[in-house]
Amino acid sequence: YFAVMYILARGGMVMFRGSEPVETLQALGLYKVQGVIAAPAAVAEFADYYEKVPAFASGLESIYMGGSLLSQELSNRIRAELCSNLNYGYGSTEAGIVAVTSAKFATSIRGAVGYVAPALAVEAADDAGRPLPAGEVGRIRIGGPLCVGGYIGDPEASAKSFKDGWFYPGDLGTVTAD
């Protein structure tokens, strides 16, 4: 959401994927789109098309991906076929962009999603809500001034996801010391 608003505020254009990958790719070329925000599976469809039609050149300057883990193989294919400036991250509507890094770095460490964004705190916690030491797997929680404090009109969902100033997205993970 924040990335889309930033693009629009700068006078940029936001385009949503068509019903078929080839429609979207044609529109990317027609409108000279420079950047894409998408899940790895969607960008993989684009890479498949570029591999099948090598005469169709990509004009993309930047791709930001998130939503699921990115494999080393897919990262390599996308950087070779579509765009070398490939970034990967983790975030949510409730907390915004939480962590981001270059895809080359993210895929070099199993399960990595990036460096924690400034002004945010991210911890892995046990079931009782106690923070775990660096490197231990637990329930991810996110805190900071950009996080919302609950869901409007849904106290039950708010109670499940927001506790003691933290947002719990429901993901398991670990946070390293660096």
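Placed above this text is the structure.
The rules behind each value
Residues numbered from 1 in each chain as written. Predicted model: local features only at pLDDT ≥ 70, side-chain atom pairs only at ≥ 80, totals over all residues. Heavy atoms only, no water. Axes fitted to C-alpha atoms, helices over the stretch in contact; angles between N-to-C directions. Helix = DSSP H or I, 4+ residues; strand = E, 2+ residues; numbered from the N terminus. Parallel < 35°, antiparallel > 145°, perpendicular 65-115°, else oblique. Contact = heavy atoms within 4.5 Å. Nonpolar A, V, L, I, M, F, W, Y, C, P; charged D, E, K, R; others polar. Core = buried A, V, L, I, M, F, W, Y, C linked by side-chain atoms within 4.5 Å. Buried < 20%, exposed > 50% of the residue type's maximum accessible area, 1.4 Å probe, protein only. Left-handed = near helix turned anticlockwise from the far one by under 90°. Expected span 1.5 Å × (residues − 1). Salt bridge = Lys/Arg side-chain N within 4 Å of Asp/Glu carboxyl O. Pairing = 2+ DSSP bridges.

S.K.: I tried to follow the packing of helix α2 (residues 21-30) against helix α3 (residues 40-52) on my own but got confused; where do I start?
M.R.: For any two helices packed against each other, the geometry comes down to the angle between their axes and how far apart the axes lie. As a packed pair, α2 and α3 sit with axes 10 Å apart at the nearest point and diverge in direction by 80°. Overall, the two elements α2 and α3 adopt an arrangement that is roughly perpendicular. Between α2 and α3, the contacting residues are Pro21, Val22, Thr24 and Leu25 on the first element and Glu45, Phe46, Tyr49 and Tyr50 on the second. Of the residues contributing to the contact of α2 with α3, the split by class is six nonpolar, one polar and one charged.

S.K.: I keep staring at the nonpolar core and nothing clicks. Help me out?
M.R.: Inside soluble globular proteins, nonpolar side chains tend to come together where they are buried. One finds Val43, Ile63, Met65, Ile78 and Leu82 to be the most contacted residues of the largest nonpolar core, which totals 23 residues. Secondary-structure elements contributing two or more residues to this core are α2, β1 (35-38), α3, β2 (62-65), α4 (72-81), β3 (86-92) and α5 (103-106). If one sorts the elements of this core by residue count, α3 sits on top with six residues. With residues up to four places along the chain from it excluded, the contact list for Met65 reads Ala38, Ala39, Pro40, Val43, Leu70, Ile78, Leu86, Asn87, Tyr88 and Gly89. Membership of the second largest hydrophobic core comes to 12 residues, among which are Tyr90, Val122, Ile142 and Phe162.

S.K.: How should I be thinking about the environment of Arg77 in this particular structure?
M.R.: By secondary structure assignment, the location of Arg77 is in helix α4. Each C-alpha atom, one on Arg77 and one on Glu51, is 9.2 Å from the other, the two residues being 26 residues apart in sequence.

S.K.: Honestly, the packing of α3 against α4 in this entry has me stumped. Any pointers?
M.R.: Close contact between α3 and α4 brings their axes to 10 Å; oriented N to C, the two are set at 50°. It follows that α3 is oblique to α4 by the angle criterion. You can see that α3 and α4 cross each other, and the crossing is left-handed. Across the interface between the two elements, Pro40, Val43, Ala44, Ala47, Asp48, Tyr50 and Glu51 from α3 touch Leu74, Arg77, Ile78 and Glu81 from α4. Considered class by class, the residues forming the contact of α3 with α4 number seven nonpolar, no polar and four charged.

S.K.: Teacher, can you tell me more about α3 here?
M.R.: The α-helix winds at 3.6 residues per turn, so residues separated by three or four positions along the chain end up facing the same way. Under the 1.5 Å per step criterion, the end-to-end length of α3 is 18 Å for 13 residues, consistent within 8% with the ideal 18 Å. Turning to α3, its buried residues number three or more, namely Pro40, Ala42, Val43, Ala44, Phe46, Ala47 and Tyr50.

S.K.: Could you clarify how one ought to interpret the pattern of salt bridges in this entry?
M.R.: A side chain of one charge can pair with a side chain of the opposite charge when the charged atoms of the two come close. Under the defined criterion, the tally for this structure stands at five salt bridges. Salt-bridge contacts for Arg130 lead to Asp126; the nearest nitrogen and oxygen are separated by 3.0 Å. The class of Arg130 is exposed, set by a relative accessible area of 53%. Across the salt bridge formed by Asp127 and Arg139, the nearest N and O atoms sit 2.9 Å from each other. Placement of Asp127 in the loop between β6 (121-125) and β7 (138-143) and of Arg139 in strand β7 is noted, with a sequence separation of 12 residues between them. Here the salt bridges share partners, and the residues they tie into one network are Asp48, Glu51 and Arg77.

S.K.: Help me understand the sheet that holds β2 in this model?
M.R.: Backbone hydrogen bonds are what pair the strands of a sheet, in a parallel or an antiparallel way. Spatially, the five strands line up as an open sheet ordered β1-β2-β3-β4-β5, and their pairing is mixed. Only two strands of the sheet have a single neighbouring strand rather than two, namely β1 and β5 (115-116). The sheet contact formed by strand β4 (residues 96-102) and β5 spans two bridges and is antiparallel. Across the sheet, the residue bridging to Ala99 is Val116, located in β5.

S.K.: Which parts of the structure should I look at to understand the environment of Glu51?
M.R.: Examined against the element boundaries, Glu51 turns out to sit in helix α3. Considering only alpha carbons, one finds Glu51 and Glu81, 30 residues apart in sequence, at a separation of 7.1 Å. Leave out the neighbours within four places in its chain, and Glu51 touches Arg77 and Glu81.

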